[in-house]
Structures are given as C-alpha cells and as structure tokens.
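Here's the letter readout for the chains.
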Amino acid sequence: MEKKNIFVLIQELETQMGHIHSELGGLKLVIKELLEENHRLSLENEQLRKILKREVNPAEFENPVAIQPQPHVKDEEHGEDVVGEGYDNLARLYHEGFHICNVYYGHLRTEGDCLFCLSFLNK
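Residues numbered from 1 in each chain as written. Predicted model: local features only at pLDDT ≥ 70, side-chain atom pairs only at ≥ 80, totals over all residues. Heavy atoms only, no water.

Under an unreviewed UniProt entry, the protein has the name Replication initiation control protein YabA and belongs to Paenibacillus glucanolyticus. Under Subcellular location (unreviewed entry), UniProt gives the following word-for-word description of the protein: "Cytoplasm, Nucleoid". Heading Subunit (unreviewed entry) of the UniProt record for the protein holds this comment: "Homotetramer. Interacts with both DnaA and DnaN, acting as a bridge between these two proteins." (UniProt positions renumbered as here; feature names shortened; annotations may be inferred.)

Rendered as structure tokens:
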C-alpha cells in the first residue's frame, strides 16, 4: 500500500467515526427523553391508582389538606348562596394531584402541597 492510500483510508474511517459519534449523541438524547417521560408517567400512574383507591374505598381515605370553606356567591334573583362550580373543579383537580396555580397549572404535583395552589384555593 502506498502512504497516500493509508492516509485516505484513515480519513474515511475518521469521518465514519464522526457520523457514528453524532448518531450516538442523538440516541442518548432520545433515551434521556424516554426515561424522563417514563418517570413522569410512572408518577402520574401512581397518582391515578391512589385516586382510584379513594373512589373505590372512600370511607378509608382521609382528606390530607384542610382547605377553607368554599366561597359563596349571592344569587341576586333568589337571595340564596350559590357555591362556585369552578372552585369545586379546581379543588377536585388539586386533590387529584395536579397544580391549579398559574405557575405550574396542569402539571402533576410530585413534591407534596404547593403553596401557590393553596393560596389560590384559600382566596
């Protein structure tokens, strides 16, 4: 073999290794995203199992977060108190393990209670 031939072969090999390296980097990013999604889905699955258990055995579940009574709105026409349906929905979402605050709205609560959500519910 000539010296030029060996040099060309080494350059080709180096180019191929560069392509393989970039493909490996892309695969690492995909694996990272899949692991993060798997973790998020596992947490969500665990929360949903807890909710299912509560609904199947409601007598065994005790409410872990004490929230102030729901605000009442006066019905001008009949002079009666009406509980806000939107408030009920937000409280239900919060107790199912989701954020209702404007900072993390709709994300799964993974670290216990959120002070933003609680302050929003207590307004």
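Next comes the rest of the write-up.
1. So, the UniProt feature "binding site: Zn(2+)" (unreviewed entry) in the protein
Within the UniProt annotation, "binding site: Zn(2+)" (unreviewed entry) is assigned to His99, Cys101, Cys114 and Cys117. Spanning 19 residues, the named residues nonetheless gather at one spot, since no C-alpha pair among them exceeds 8.4 Å. Its location among the elements puts Cys101 in the loop between helix 2 (85-95) and helix 3 (115-121). Judged by its relative accessible area of 2%, Cys101 is buried. Setting aside chain neighbours within four positions, we find Cys101 in contact with Cys114, Phe116 and Cys117. (Helix = DSSP H or I, 4+ residues; strand = E, 2+ residues; numbered from the N terminus. Buried < 20%, exposed > 50% of the residue type's maximum accessible area, 1.4 Å probe, protein only. Contact = heavy atoms within 4.5 Å.)

2. Let's talk about helix 2
Here helix 2 has its buried residues at Tyr87, Ala91 and Tyr94. Angularly, the buried residues of helix 2 cover 60 degrees about the axis, an arc narrow enough to put them on a single face. In this fold, the buried residues of helix 2 make contact with helix 3. Just downstream of helix 2 lies Gly97, where phi reads positive at about 105 degrees. (Arc of directions from axis to C-beta.)

3. Description of helix 1 (residues 3-56)
The terminal C-alpha atoms of helix 1 lie 78 Å apart, and with 54 residues this matches the ideal 80 Å at 1.5 Å per residue to within 8%. Every buried residue belonging to helix 1 is among Gln47, Ile51 and Arg54, and all of these are buried. Against helix 2 lie the buried residues of helix 1. (Expected span 1.5 Å × (residues − 1).)

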